[in-house]
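Next come the chains, spelled out residue by residue.
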Amino acid sequence: EGMTPPQRILFPPEICMVWQQIQRPGAGLRNLGSTCYINVVLQCLTYTPPLTNYLLSREHSRLCFQQGFCMMCIMEAHVRKVLRSTASAIWPRAVIRDLKFIGEEFKPDTAGDAFEFLCCALKAMQRACLSGSTNLDISSQSTTIVHQIFGGLLKSRVTCSSCQAVSDSYEAFLHILLDIKEASSLTAALKDFVTPKQLDGKNCFQCSKCEKKVTISKRLTVHHVPKVFTLCLERAADHTGKKISTLVEYPEHLDLLPYMSDTAGEPLLYSLYAVVVHSGDTCLDGHFFCYTKASNGLWYKMDDESVDNCGIHAVLRQQAYLLFYAR
């Protein structure tokens, strides 16, 4: 609805959401200087069931003819190494070696941000999926394995305050950034995200019906849900690196229905499977660690080299930065 149908389907939408192989958690990841922000993202992606099912099938590498850097091939080799290793920790050397291809701003000896690395890693995986597929329309580009797992659709509805004319536009997303300045819980932050915002002054909008600059109401809603819903709780208070350290409550099970364009129907239930935590007084320093749910159904705290069993209560008490939910 509202979108041009894809001319090509690059990957079938029937994604297996349950683990195809049940095993103990894999190895921890050694820190190569200041690479904790990379380690947490790699671990969260490794414990994303539909992605790892696909990577372990080696379907990508069997068909990949890309010369040089390919993020999907790197992730495939990394996930196999983590889950098959008998060592307690491994070096994520291939990822660090090609760090500049994932994002020019990343350097192994310089601290970085986990959300920025996640965004760049998913973009690099998307580029790898599109390699060899030139001149594809936007809708077709949203049918890769990356978008079939992480991709959803946002609807932006603009309403003219003068004549009430409505204009809708749509945008694909792989993750959502949430403002938590006024929120004590994830559900409160999501409610604020879909609450209409009044835009006037410098943000005045030229209404095509009134043919004049008017105040508008703009509302974002989730129009099409992803299979994996990835959220970043924005902890940067401003550009100085000052951090919002508020404890934002988040549930183990999340219903996305109240935040949809159409709120009628059955609940859209998601289960938490990974959490990234940032510890430190400012956003410019500190340390990242994460909690992930392994294929055996148990939770583990993953802090660089260490992988320790823990309970769901410990997971839900954290000052979360990134949250990963699966349908």
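Everything discussed here concerns the structure shown above.
All of these numbers come straight from a predicted model, not from anything done at the bench.

Chemist: Explain the packing of helix α2 (residues 49-56) against helix α4 (residues 71-84) here, please?
Modeler: Helix-helix packing is characterised by the crossing angle of the two axes and by the distance between the axes. Close contact between α2 and α4 brings their axes to 9 Å; oriented N to C, the two are set at 95°. Accordingly, the angle class assigned to the pair α2 and α4 is roughly perpendicular. Of the residues in α4, those touching α2 at Thr 52, Tyr 54, Leu 55 and Leu 56 are Met 72, Met 75, Glu 76, Val 79, Arg 80, Leu 83 and Arg 84. Grouping the amino acids of the contact of α2 with α4 by side-chain chemistry returns 7 nonpolar, 1 polar and 3 charged.

Chemist: For this particular structure, what's the right way to read the pattern of salt bridges?
Modeler: Should their charged atoms come close, side chains of opposite charge can pair. According to the stated counting rule, one finds 4 salt bridges in the structure shown. Here Asp 98 ties to Arg 97 by a salt bridge, and the two come within 3.1 Å at their closest N and O atoms. With relative accessibility at 9%, the residue Asp 98 sits in the buried group. Residue Asp 168 pairs with Arg 157 through a salt bridge whose shortest N-O separation is 2.8 Å. With Asp 168 in strand β4 (residues 166-173) and Arg 157 in strand β3 (residues 152-160), this residue pair connects regions lying 11 residues apart in the sequence. Arg 157 gets classed as partly exposed once you look at its relative accessible area, which sits at 35%.

Chemist: Would you take a moment to explain helix α7 (residues 114-130) for this structure?
Modeler: Owing to its 3.6 residues per turn, the α-helix aligns residues three or four sequence positions apart on the same side. Taking 1.5 Å per residue as the helical rise, α7 with its 17 residues ought to reach 24 Å, and the 24 Å between its terminal C-alpha atoms agrees with that figure. The N-cap residue of α7 is Asp 113: its side-chain oxygen and the backbone nitrogen of Phe 115 are 3.1 Å apart.

Chemist: What is the right way to read helix α1 (residues 36-46) from this model?
Modeler: Extensive coverage of α1 is indicated by the burial of 11 of its 11 residues. Among the residues of α1, Cys 36, Tyr 37, Ile 38, Asn 39, Val 40, Val 41, Leu 42, Gln 43, Cys 44, Leu 45 and Thr 46 are the ones counted as buried.

Chemist: Just to check I follow, could you spell out unusual backbone geometry for this structure?
Modeler: Residues other than glycine predominantly adopt negative phi, and peptide bonds predominantly adopt the trans conformation. With phi around 60°, Arg 58 is a residue other than glycine that occupies positive phi space. In this structure, Arg 58 sits in the loop between α2 and α3 (59-63). Given a relative accessible area of 39%, Arg 58 falls into the partly exposed group. In this structure, Gln 164 is a non-glycine residue whose phi angle is positive, near 70°. Positionally, Gln 164 belongs in the loop between β3 and β4.

Chemist: What exactly am I supposed to notice about the pairing of β3 here?
Modeler: Both faces of the sheet carry side chains from a regular strand, because those side chains alternate between them. With 8 of 9 residues buried, β3 is to be regarded as a mostly interior element. In the sheet, β3 pairs with β4 via 8 bridges, with the strands oriented antiparallel. When the bridges of β4 are listed, Leu 153 appears paired with Ala 172. Hairpin connection of β3 to β4: 5 residues between the antiparallel strands, including Gln 164 at a positive phi of 70°. Where β3 meets strand β9 (residues 216-224), 8 bridges bridge the pair, whose relative direction is antiparallel. By the bridge assignment for β9, Arg 157 is matched with Arg 219.

Chemist: Got a minute to help me understand the sheet that holds β9 in this structure?
Modeler: What links the strands of a sheet is backbone hydrogen bonding, and the strands pair in either a parallel or an antiparallel sense. Strand order in this open sheet of 4 strands is β4-β3-β9-β6, and the pairing throughout is antiparallel. The sheet terminates laterally at β4 and β6 (197-199), the two strands that pair on one side only. Each strand axis lies, on average, 30° off the axis of its neighbour in the sheet, ignoring direction. Two strands pair when backbone bridges link them, and β6 and β9 are joined in this way by 3 bridges, in the antiparallel orientation. The residue bridging Lys 197 from the neighbouring strand is Lys 218, located in β9.

Chemist: Hey, could you run me through the packing of aromatic side chains in this one?
Modeler: The geometry of two aromatic rings is summed up by the distance between their centres and the angle between their planes. For the structure on display, the rule yields 9 aromatic pairs. On the numbers, 5.3 Å between centres and 25° between planes, the contact of Phe 69 with Phe 101 is stacked. With Phe 69 in the loop between α3 and α4 and Phe 101 in helix α6 (residues 99-102), this residue pair connects regions lying 32 residues apart in the sequence. With centroids separated by 6.5 Å and ring planes inclined at 75°, the aromatic side chains of Phe 173 and Phe 229 adopt a geometry described as edge-to-face.

Cut-offs used in this document
Residues numbered from 1 in each chain as written. Predicted model: local features only at pLDDT ≥ 70, side-chain atom pairs only at ≥ 80, totals over all residues. Heavy atoms only, no water. Axes fitted to C-alpha atoms, helices over the stretch in contact; angles between N-to-C directions. Helix = DSSP H or I, 4+ residues; strand = E, 2+ residues; numbered from the N terminus. Parallel < 35°, antiparallel > 145°, perpendicular 65-115°, else oblique. Contact = heavy atoms within 4.5 Å. Nonpolar A, V, L, I, M, F, W, Y, C, P; charged D, E, K, R; others polar. Salt bridge = Lys/Arg side-chain N within 4 Å of Asp/Glu carboxyl O. Buried < 20%, exposed > 50% of the residue type's maximum accessible area, 1.4 Å probe, protein only. Expected span 1.5 Å × (residues − 1). Polar contact = N/O pair within 3.5 Å; in protein donor to acceptor, adjacent residues only side chain to side chain. Pairing = 2+ DSSP bridges. Phe/Tyr/Trp six-rings, centres within 6.5 Å; stacked < 30°, edge-to-face > 60°.

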